[in-house]
Amino acid sequence: MSKVGIIGGGIIGLTSAYYLVKAGHKVTVIEKGNLQEGCSFGNAGMIVPSHFIPLAAPGMISKGIRWMFNSKSPFYVRPSLNPDLLKWGYLFYKHANQANVDKAIPALKELSFYSRSLYQQLAKDLPFDFGYNERGLLMLYQSEEIEKEEQETAEVANHFGVVARVLTADQVQELEPDVKVNVRGGVYFPGDAHLTPQDLVNQLVPFLKDSGVEFITDCEVFDFKIDNSKIQTLVTNLGNYSFDEIVLATGSWSGTIAKRLQLSLPMQAGKGYSFTLNNVQKNIRIPSIFLEARVAVTPMNNSLRFGGTMEITGVNHKISMNRVRGIVESIPKYYPEMKVDLPTEEKVWHGLRPCSPDGLPYIGRSRQLNNLILATGHSMLGVSLGPGTGKIVADLVDEKKPDVGLLSFNPERFG
Ligand SMILES: Cc1cc2nc3c(=O)[nH]c(=O)nc-3n(C[C@H](O)[C@H](O)[C@H](O)COP(=O)(O)OP(=O)(O)OC[C@H]3O[C@@H](n4cnc5c(N)ncnc54)[C@H](O)[C@@H]3O)c2cc1C
């Protein structure tokens, strides 16, 4: 049995704690917040093996530049001479090509499928309901240009064993009998699933406490004492802590904290927004993505959550209501009978996605620090890849070979 300290109580820290305590370890989660906020709560809750193409892909740079000049668009990078942003941007540019995408797809797909299978198990094993549903995902399009792109993605998906069906507008409508849908067509991924993220996180914490996991909240790790290629001590605002093994699951903050460990972990926070309608009388049945608007829509019982936007503007909590307006204005374009008012700022949730420059997470044991495991950088896929990552972390602590290959996720791939 090892004494394991996990830094960060988001979905990655919590799933790691779950598999570690199950494997018989003594686990402590150290969280600078109160476990009620953070990126793992208000997200769209989609479990998406369909998203096997990383963010750094051909065409993303030109699309991004087009979007930059529209204040309601789904993507924005605040221009800055910050060296971390410049390095990240350069690495993103270097990876946004077909050769890297071809390399990334099998790795991402394997981890996604693995993680979904673990969700199926969790839905049986956990003594609470977290809204896990396997109803697939609809990718909806209105323009000829996006139809062509998405149909090509569907072909690639089928080639890699991710089932994708191209649907006409009428076939989309048949799947959504209660809500009028205005699209040119769609691609249906029947293998995707969804859950209610706040129900998962809010119930997992007390369950883990009952299972013996210790939580230290309002506790920020700001430095480390290193000796003999090992982290000997975590220095926090509440004093010093020592563990046999350390898991770094600090989301968007990981790049900064890794510097204290002399590790290069390029990371930018990708801010996104969501808001949720409650008591929706006529709800959609299948989670959907409005492709032109890049808006994710997820039914959660009788609620309906809309999420979107990727703003690379550093770690900050400012809400851009113009971009939220962009999300709201997209709704009647796809659901013409659904009228949604702009929510007030207090009703808008925001989260910081931990984005690596090549679109792949950092998962693995450090080569430089023997007792450090990194598990971060999941960008838009942290919920999807949570259980898979947590199980890998537990296997690494146990010195077992993980069930999926980790080569592409090497946390020290950028030096
Ligand atoms: C609008 C939106 C929609 C999304 N939709 C989906 C979706 O449908 N499906 C999907 O798979 N993903 C989705 N995501 C992405 C997903 O939410 C993230 O990938 C995921 O939450 C990241 O989890 P994490 O545990 O790595 O990071 P976080 O949840 O950010 O957790 C990291 C934790 O570490 C703590 N921490 C940081 N530094 C320290 C320190 N020094 N000391 C102590 N604690 C520290 C932080 O306080 C934080 O609580 C979405 C994100 C957004 C914004």
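Numbers given for residues are sequential positions, taken from 1 along each chain in its written order. Only residues with pLDDT of at least 70 get local features here, since the model is predicted, and only at 80 or more are side-chain atom pairs given and counted; chain-wide, interface and lining totals rely on the full set of residues. Each side-chain value is derived from all of the structure's non-hydrogen atoms; neither hydrogens nor water enter the calculation.

(A) Region of interest: the pattern of salt bridges. The term salt bridge refers to a pairing of a side-chain nitrogen on Lys or Arg with a carboxyl oxygen on Asp or Glu at a separation within 4 Å. What the rule picks out here adds up to eleven salt bridges. Among the ionic pairs, Lys148 bridges to Glu152, the shortest N-O distance being 3.4 Å. Here Lys148 pairs with Glu152, and both are found in helix α5 (residues 144-159), just four residues apart, close to one helical turn. Throughout this description, buried means an accessible area under 20% of the type-specific maximum (1.4 Å probe, protein chains only), exposed means over 50%, and partly exposed covers the range between. The exposure class of Glu152 is partly exposed, given its relative accessible area of 42%. As a salt-bridge pair, Lys271 and Glu311 come within 3.6 Å of each other at their nearest N and O atoms. Numbering of helices and strands starts at the N terminus; helices are DSSP runs of H or I of at least 4 residues and strands are runs of E of at least 2.

(B) Molecular detail of the pairing of strand β19 (residues 362-365). Between any two strands, pairing holds if DSSP finds at least two bridges. Relative to strand β20 (residues 372-376), β19 is paired through four bridges, and the arrangement is antiparallel. Bridge pairing links Ile363 to Ala375 in β20.

(C) The arrangement of the site of the ligand in detail. Here a residue is near a molecule or strand as soon as one of its heavy atoms is found within 4 Å of it. Of all residues adjacent to the ligand, which total 35 residues, the nearest are Glu31, Ser40, Met46, Ser379 and Ser384. Within 3.5 Å is the distance limit for a polar contact, defined as a pair of N or O atoms, with the added protein rule that one can donate a hydrogen and the other accept it, and that residues adjacent in sequence qualify only through two side-chain atoms. Within the side chain of Ser40, a nitrogen or oxygen atom sits 2.6 Å from an oxygen atom of the ligand. One nitrogen or oxygen atom from the main chain of Ala44 is found 3.0 Å from a nitrogen atom belonging to the ligand. Each accessible area value is a Shrake-Rupley result obtained with a 1.4 Å probe; residue values ignore everything except the protein chains displayed when judging cover. Its free accessible area being 1,000 Å², the ligand has 96% of it covered by the protein chains. Secondary structure elements with two or more residues in the shell around the ligand: α1 (11-22), β14 (268-277), β18 (349-355) and α10 (382-397). Per-element accounting of the shell around the ligand gives the leading share, four residues, to β18. For this scheme, ten residues count as nonpolar: Ala, Val, Leu, Ile, Met, Phe, Trp, Tyr, Cys and Pro. Four count as charged, namely Asp, Glu, Lys and Arg, and the remainder, Gly too, count as polar. Here the shell around the ligand is built from residues that sort into 18 nonpolar, 13 polar and four charged.

(D) Local environment of the environment of Tyr18. Along the chain, the position of Tyr18 falls in helix α1. Since its relative accessible area comes to 7%, Tyr18 is described here as buried. Sequence separation between Tyr18 and Leu108 is 90 residues; the distance between their C-alpha atoms is 22 Å. Two residues form a contact once any of their heavy atoms are found within 4.5 Å. Those residues in contact with Tyr18, other than ones at most four positions away along the chain, are Leu122, Asp125, Leu126, Leu204, Phe207 and Leu208.

(E) Spatial organisation of helix α3 (residues 83-95). One less than the residue count of a helix, multiplied by 1.5 Å, gives the span that helix is expected to have. In a regular helix each residue adds 1.5 Å, so 13 residues correspond to 18 Å; α3 covers 18 Å between its end C-alpha atoms and thus fits that length. If you check which residues of α3 are buried, you get Leu85, Trp88, Leu91, Phe92 and His95. Buried residues in α3, looked at end-on, bunch into an arc of 130 degrees, giving them a common side. In α3, those exposed residues whose orientation departs by more than 90 degrees from the buried face are Pro83 and Tyr93. Think of the arc as the fan of directions from the helix axis to the C-beta atoms.

(F) The nonpolar core, seen in detail. Counting 84 residues, the largest nonpolar core has Ile6, Leu20, Tyr119, Phe130 and Leu208 as the members making the most contacts within it. Considering each element in turn, this core owes the most residues, ten residues, to helix α4 (residues 98-125). The residues contacting Ile6, other than those within four sequence positions of it, are Gly13, Ser16, Ala17, Leu20, Val27, Thr28, Val29, Ile30, Val247 and Ala249. Note on terminology: a nonpolar core comprises buried Ala, Val, Leu, Ile, Met, Phe, Trp, Tyr and Cys residues joined through side-chain atoms within 4.5 Å. Residues Val181, Phe290, Ile327 and Met338 belong to the second largest nonpolar core, which totals 30 residues.

(G) Quick peek at the packing of aromatic side chains. Two aromatic rings from Phe, Tyr or Trp, using only the six-membered ring of Trp, form a pair when their centres are within 6.5 Å; if the ring planes differ by under 30 degrees the pair is stacked, by over 60 it is edge-to-face, and anything between is tilted. Per the counting criterion, the structure on display carries twelve aromatic pairs. Relative to Tyr132, the ring of Tyr119 lies with its centre 6.0 Å away and its plane at 20 degrees, an arrangement referred to as stacked. Here the residue Tyr119 occupies a position in helix α4, and Tyr132 occupies one in the loop between α4 and β5 (137-141), the gap between them amounting to 13 residues. Each member of the pair Tyr119 and Tyr132 is classed as buried. Between Phe128 and Phe130, the ring centres sit 6.3 Å apart and the planes meet at 65 degrees, which makes this aromatic pair edge-to-face. Feature note: the residues Tyr18, Tyr19, Tyr119, Phe128, Phe130, Tyr132 and Phe207 constitute an aromatic cluster, connected by ring pairs. The ring of Phe113 has Lys109 lying over it, and the distance from NZ or CZ to the ring centre is 5.0 Å. We call a charge positioned above a ring when the Lys NZ or Arg CZ atom is no farther than 6 Å from the ring centre and deviates by at most 35 degrees from the ring normal. Above the plane of the ring of Phe113 lies Arg116, whose end atom (NZ or CZ) is 4.7 Å from the centre.

(H) Expanded view of unusual backbone geometry. Positive phi is not limited to glycine here, since Asp218 has a value of about 50 degrees. With respect to the secondary-structure elements, Asp218 resides in the loop between β9 (214-216) and β10 (221-227).

(I) Highlighting the sheet that holds β19. If you walk across this open sheet you meet the six strands as β9-β2-β1-β13-β20-β19, and the pairing is mixed. Only two strands of the sheet have a single partner each, and these edge strands are β9 and β19. Pairwise comparison of adjacent strand axes, ignoring direction, gives a mean angle of 20 degrees for this sheet. A fitted line through C-alpha atoms serves as each axis, taken over the contacting stretch for helices, and the angle formed by two N-to-C directions is quoted from 0 to 180°. In the packing of α1 onto the sheet, contacts are made with β1 (3-7), β2 (26-30), β9, β13 (245-248) and β20, and the angle to β1 comes to roughly 165 degrees.

(J) Broad picture of empty space enclosed by the protein. Here a cavity is any set of points on a 1 Å grid over the protein atoms alone where a 1.4 Å probe fits but cannot get out, and a pocket is any open set with protein on both sides within 12 Å along at least 5 of 7 lines; a residue lines the site when it has an atom within 4 Å of a point. Grid points are joined across faces, edges and corners, and a volume is the space filled by probe spheres set on the points. In total, this model carries one cavity of 30 Å³ or more according to the counting rule given. Its volume calculated, the largest cavity comes out at about 40 Å³. As for the largest cavity, its lining consists of Thr15, Tyr18, Tyr19, Leu122, Leu126, Leu200 and Leu204. Listed by contribution, the elements that provide at least two residues to the lining of the largest cavity are α1 and α7 (197-210). In terms of residue count, the dominant contributor to the lining of the largest cavity is α1 (three residues). Split by residue class, the lining of the largest cavity holds six nonpolar, one polar and no charged.

(K) Fine view of a nonpolar patch on the surface. Patch rule: a residue counts if its relative accessible area is over 30% and it has no salt bridge; like charges are joined within 9 Å, and nonpolar side chains (Val, Leu, Ile, Met, Phe, Trp, Tyr) within 5 Å. On the surface, Ile61, Ile65, Phe69, Tyr90 and Tyr93 cluster together into a nonpolar patch covering about 610 Å² of accessible area. Elements supplying a minimum of two residues to the nonpolar patch: α2 (60-68) and α3. Inspection of the secondary structure puts Ile61 in helix α2. Exposure remark for Ile61: the relative accessible area of 32% places this residue in the partly exposed category.

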